[in-house]
Amino acid sequence: MTRRVGLIAALLFAGCAPTPLTTFAPKSDLAGWIVNLYWEIIGWDSLILLVVTGIFLLGVFRYSGRATEEIEPPRPTHTHLGLEVAWTVGPALVILAIAVPTVRLDFRSQASRPTPGIFNVRVVGHQWWWEIRYPDLGITTANEIHLPVGVPVQFRLESADVIHSFWVPQLGGKRDIIPGHVNALTLTPLVEGTYYGECGEFCGLSHANMRFRVVVDSAERFDAWKQLQLRPAALPQPGPDGEESATQAGQRVFALSACTPCHTINGVSTGVFGPDLTHVGGRLTLAGGILDNTPDNLRAWLRDPDALKPGAQMPKLAMNEQQLNLLVAYLESLK
Ligand code: CUA
């Protein structure tokens, strides 16, 4: 019995435990408004539950009797204007109480016209990764959004293929990303930290593997990241005795590989189908946010992308282990 109670309690409260994807620990103005709206609606719902339960109990105890008792059947009522008005106006008021703040919040989260001084980030959803562009800074990255704390940001959400949905539970969303249409999402991150994001709309085989991180930094740390991103791709250096280093050989492997038509490395290649790799070595994750960025994970990814991300658009490269090792050395040097 106690075990059953414990199990029920665990199931009931499983949704309340703070997790990286929780919406109950808001870290932006928008996420705060959303959680307040949630509690407001829960409040109205609880009130309705109390009233309905009260009327039900009243009915049970006031108008019931024992089986042996003779009860006079209730008198049928044909029309009752008061009751009809009550059960029309009552639910209408409840719907209004929920709809008005919901619609207001929806409008509040998308600026109707460009706001001067706002920080612009363009997000393009791909099967199954995120292209991130900073049009005002000339920076392109993938699966990782860096934002300065306390600065209002406007996301422009676009799709390269199918419908996706932008969702960072602790910062806000979800907002659908629709092919041929630009959706906006405006928010101000209020607390420094790294927040998990993921695609919130089924978009194909690896929908669950379409993740990203949002790094909210102090102004200084954000600026340091920005300066690093603005630099050209790191140039591989020769070994101590002037001989060809692994990173130099790796760059050669890259330049002659099937990687170049799909990936950009500034000064080396100009492909646009896959993520920009100019600073891939400095990123937190690989492969649409599913793997930590380590040499072992990168090697495993390059060896067989489909094994880690079913349906991945990136093909298996026809490379031997030595070529893979050189390629990993080069890509990880691109900080
Ligand atoms: Cu993109 Cu699900």
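Reading the values: rules and limits
Residues numbered from 1 in each chain as written. Predicted model: local features only at pLDDT ≥ 70, side-chain atom pairs only at ≥ 80, totals over all residues. Heavy atoms only, no water. Helix = DSSP H or I, 4+ residues; strand = E, 2+ residues; numbered from the N terminus. Rg over C-alpha atoms; globule rule 2.2 N^0.38 Å. Buried < 20%, exposed > 50% of the residue type's maximum accessible area, 1.4 Å probe, protein only. Contact = heavy atoms within 4.5 Å. Salt bridge = Lys/Arg side-chain N within 4 Å of Asp/Glu carboxyl O. Phe/Tyr/Trp six-rings, centres within 6.5 Å; stacked < 30°, edge-to-face > 60°. pLDDT = per-residue confidence, 0-100. Pairing = 2+ DSSP bridges. Axes fitted to C-alpha atoms, helices over the stretch in contact; angles between N-to-C directions. Expected span 1.5 Å × (residues − 1). Patch = residues over 30% accessible without salt bridge, like charges linked within 9 Å, V, L, I, M, F, W, Y side chains within 5 Å. Areas by Shrake-Rupley, 256 points an atom, 1.4 Å probe, with all protein chains shown as cover. Polar contact = N/O pair within 3.5 Å; in protein donor to acceptor, adjacent residues only side chain to side chain.

**Quick word on the overall build of the chain**
So, point 1. Looking only at helices and strands, the chain has eight helices and 14 strands in total.
So, point 2. Over its C-alpha atoms the chain spans a radius of gyration of 28 Å, topping by over 25% the 20 Å that the globule rule assigns to 335 residues.
So, point 3. If one aligns the C-alpha atoms of the chain with their principal axes, the spans along those axes are about 105 × 55 × 35 Å.
So, point 4. Across the 335 residues that make up the chain, the buried fraction comes to 38%.
So, point 5. Contacts in the chain between residues at least 24 apart in sequence constitute 62% of all its contacts with a sequence separation of at least 6.

**Looking at the pattern of salt bridges**
So, point 1. The tally for this structure, following the rule as stated, stands at nine salt bridges.
So, point 2. Here arginine 299 makes a salt bridge to aspartate 296, at a shortest N to O gap of 2.9 Å. Separated by three residues within a single helix, arginine 299 and aspartate 296 lie in helix H6 (residues 295-303), roughly one turn from each other.
So, point 3. Here aspartate 296 falls in the exposed class, since its relative accessible area comes to 56%.
So, point 4. Notably, a salt bridge pairs arginine 303 with glutamate 321, separated by 2.9 Å at the nearest N-O pair. Placement of the pair is arginine 303 in helix H6 and glutamate 321 in helix H8 (residues 321-332), with a sequence separation of 18 residues.
So, point 5. Overall, the relative accessible area of 39% leaves glutamate 321 in the partly exposed class.

**Describing the packing of aromatic side chains**
So, point 1. Across all of its chains, the model carries 12 aromatic pairs by this definition.
So, point 2. Look at tryptophan 130 and phenylalanine 166: their rings are 6.0 Å apart centre to centre, the planes differ by 75°, and that puts the pair in the edge-to-face class. Of this pair, tryptophan 130 sits in strand S2 (residues 129-134) while phenylalanine 166 sits in strand S6 (residues 164-168), placing them 36 residues apart in sequence. No difference in accessibility class separates tryptophan 130 from phenylalanine 166, as the two residues are buried.
So, point 3. Relative to phenylalanine 212, the ring of phenylalanine 166 lies with its centre 5.2 Å away and its plane at 25°, an arrangement referred to as stacked. In this pair, phenylalanine 166 sits in strand S6 while phenylalanine 212 sits in strand S10 (residues 211-217), placing the two residues 46 residues apart along the sequence. Comparing phenylalanine 166 with phenylalanine 212 shows no difference in burial state: the two are buried.
So, point 4. An aromatic cluster of three or more residues is present, and its members are Phe119, Tyr134, Phe222 and Trp225.

**Details of the confidence of the model for the chain**
So, point 1. Predicted confidence across the chain gives a mean pLDDT of 88, with 93% of residues reaching 70 or more.
So, point 2. When mean pLDDT is compared element by element in the chain, S6 scores highest at 96, while helix H1 (residues 2-14) scores lowest at 54.
So, point 3. Considering only residues more than four positions removed or in separate chains, one finds that residues 13-18, a stretch of pLDDT under 50, has one contact.

**Some details on the sheet that holds S10**
So, point 1. Read from one edge of the open sheet, five strands run S4-S10-S9-S6-S7, paired in mixed fashion. What marks the edges here is a single partner per strand, and that holds for strand S4 (144-148) and strand S7 (172-177). Neighbour to neighbour, the strand axes of the sheet diverge by 20° on average, direction disregarded.
So, point 2. Pairing of strand S9 (residues 193-199) with S10 involves six bridges; the strand directions are antiparallel. Across the sheet, residue glycine 197 finds its bridge partner in S10, namely phenylalanine 212.
So, point 3. Lying over the sheet, helix H4 (residues 219-230) contacts S4 and S10, oriented at roughly 135° with respect to S4.

**Focus on the pairing of strand S8 (residues 183-187)**
So, point 1. In terms of burial, S8 is a largely internal element, five of the five residues being buried.
So, point 2. What you see with S8 is no split at all: Asn183, Leu185 and Leu187 on one side and Ala184 and Thr186 on the other are buried throughout.
So, point 3. Pairing geometry for strand S5 (residues 153-159) and S8, over five bridges, is antiparallel. The partner of arginine 156 across the bridge, within S8, is alanine 184.

**Regarding H4**
So, point 1. Helix length check: H4, at 12 residues, gives a terminal C-alpha distance of 16 Å against a target of 16 Å (1.5 Å per residue), a fit within 8%.
So, point 2. Where H4 is buried, its residues touch strand S1 (119-126), S2, strand S3 (139-142), S4 and S10.

**So, a nonpolar patch on the surface**
So, point 1. A surface patch of nonpolar side chains, about 570 Å² in accessible area, is lined by Leu81, Val85, Val89, Leu93, Leu96 and Val100.
So, point 2. Residue valine 89 is classed as partly exposed on the basis of its relative accessible area of 40%.

**Quick word on the side chain of histidine 207**
So, point 1. Tracing the chain through its elements places histidine 207 in the loop between S9 and S10.
So, point 2. At 3.0 Å, the side chain of histidine 207 and the backbone oxygen of glutamate 201 are in polar contact.

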